[in-house]
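Tertiary structure, described
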Amino acid sequence: MPHYQVLALVSLDAVDPEILRHLSTAIAKAFTLPVQILPPKPLPSHTFHVTRNQHYSTQLLEYLLACEDHDGLFRVLAITAVDLYIPIFTFVFGEAQLDGKAAIISTFRPQGEASGVRAPHSILMNRLLKLSLHELGHTFSLPHCRQPGCLMGFAANLEQLDKKNLEFCDYCRILLADYFNRNGL
Ligand SMILES: [Zn+2]
Ligand SMILES: [Zn+2]
């Protein structure tokens, strides 16, 4: 197992580079892992649902896994400006593979586009970081958590997202440390 595990961020189509830089620094700090920003990738067209005007996030995860240049990477977190869905929900903030390699988040809802009121930059960044750590938490095997305020709590809307703390609860922290130990991280 390689000692040097790189977590990569990749934007699907254009995303503000400032957002990527900010997230890469904060994610590296949160997990004590090296984070690399990859060149942007085109958003595929087959994941687009015309009637919903959204992209199917599960198919985007498959797309990320099929990219050969992602082969040597430890984790890939994609960021996109388009709205995401899975069939049972109106929208999703993001999705990840449990104990898998790929995760994705969208800036669409956090930016307030759906309500027509654009979120201030600091609030947007706070939301995106929460979503990034939450989805990456899933890739490190963490399930949803019911501890009040925990990052791994399920958030169905912005209000619930904003109520979460920017940290994992003690219980999730132990699970995370255990996962990292077991995987030599
Ligand atoms: Zn989740
Ligand atoms: Zn928790």
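Scope of this entry: the structure provided in the associated data block. In this numbering scheme, every chain counts its residues from 1 along its sequence in written order. Chain A is the first chain written and ligand 1 is the first ligand written, with later ones labelled in order. Per-residue local features are limited, in this predicted model, to residues with pLDDT of at least 70; the limit for side-chain atom pairs, both in listing and counting, is 80 or more; totals at the level of whole chains, interfaces and linings are taken over all residues. Each side-chain value is worked out from all heavy atoms of the structure, with water and hydrogens disregarded.

Because water is not among the atoms used, a metal site may look incomplete, as its donors are only the N, O and S atoms within 2.8 Å, or 3.2 Å for Na, K and Ca. Looking at the zinc ion (ligand 2), the protein donor atoms are Cys145 (SG), Cys150 (SG), Cys169 (SG) and Cys172 (SG), and they sit 2.3 Å from it. Because the angles between the four donor atoms bound to the zinc ion (ligand 2) fall within 106 to 113°, the donor set is best described as tetrahedral. Mapped onto the polypeptide sequence, the residues donating to the zinc ion (ligand 2) form the spacing pattern C-x4-C-x18-C-x2-C. Highlighted residues: Cys150 in the loop between α3 (121–139) and α4 (158–163) and Cys172 in helix α5 (residues 170–182), separated in sequence by 22 residues. Across this residue pair, the class does not change: Cys150 and Cys172 are buried. The rule is simple: four donors are tetrahedral if all their angles sit between 85 and 135 degrees, four are square planar and six octahedral if opposite donors span more than 155 degrees and the others lie between 65 and 115, and anything that fits none of that is irregular. The secondary structure listing takes helices from DSSP runs of H or I that are at least 4 residues long and strands from runs of E that are at least 2 residues long, numbered from the N terminus. Relative accessibility under 20% of the residue-type maximum defines a buried residue, over 50% an exposed one, and the middle range a partly exposed one, all with a 1.4 Å probe and only protein chains included.

Helix axes are fitted to C-alpha atoms over the stretch in contact, other axes to C-alpha atoms as well, and angles between N-to-C directions run from 0 to 180 degrees. Contact geometry of helix α1 (residues 17–31) with α3 gives a least axis separation of 10 Å together with a crossing angle of 50°. When the interaxial angle is binned, α1 and α3 end up oblique. In this structure, α1 crosses over α3, and the sense of that crossing is right-handed. Contact residues: α1 offers Glu18, Ile19, His22, Leu23, Ala26, Ile27, Ala30 and Phe31, while α3 offers His121, Leu124, Met125, Leu128, Leu129, Ser132, Leu133, Leu136 and Gly137. An angle below 35 degrees is read as roughly parallel, one above 145 as roughly antiparallel, one from 65 to 115 as roughly perpendicular, and any other as oblique. Crossing handedness: left-handed means the near helix sits turned counterclockwise from the far one by under a right angle, and right-handed means the same turn made clockwise. Residue contacts follow a heavy-atom distance rule, with two residues in contact if any of their heavy atoms lie within 4.5 Å.

Turning our attention to the coordination of the zinc ion (ligand 1). Protein-derived coordination of the zinc ion (ligand 1) comes from His134 (NE2), His138 (NE2) and His144 (NE2), at a distance range of 2.0 to 2.1 Å. Mapped onto the sequence, the residues coordinating the zinc ion (ligand 1) show the spacing H-x3-H-x5-H.

Let us now look at the pairing of strand β5 (residues 75–80). Taken across its six residues, β5 has six buried, putting it largely inside the fold. What you see with β5 is no split at all: Arg75, Leu77 and Ile79 on one side and Val76, Ala78 and Thr80 on the other are buried throughout. Inspection of the sheet shows strand β1 (residues 7–12) paired to β5 by six bridges, in the parallel sense. Bridge pairing in β5 places Ser11 opposite Ile79. Any two strands with at least two DSSP-identified bridges between them are counted as paired. As paired elements, β5 and strand β8 (residues 102–106) share five bridges and run parallel to each other. Paired with Leu77 across the two strands is Ala103, which belongs to β8.

Spatially, the three strands line up as an open sheet ordered β3-β4-β6, and their pairing is mixed. Since the sheet does not close on itself, it has two edges, and those belong to β3 (48–49) and β6 (84–85), each with one partner. Of the strand pairs in this sheet, β3 and strand β4 (residues 54–56) are connected by two bridges, and their pairing is antiparallel. Its bridge partner lying in β4, His49 is registered against Gln54.

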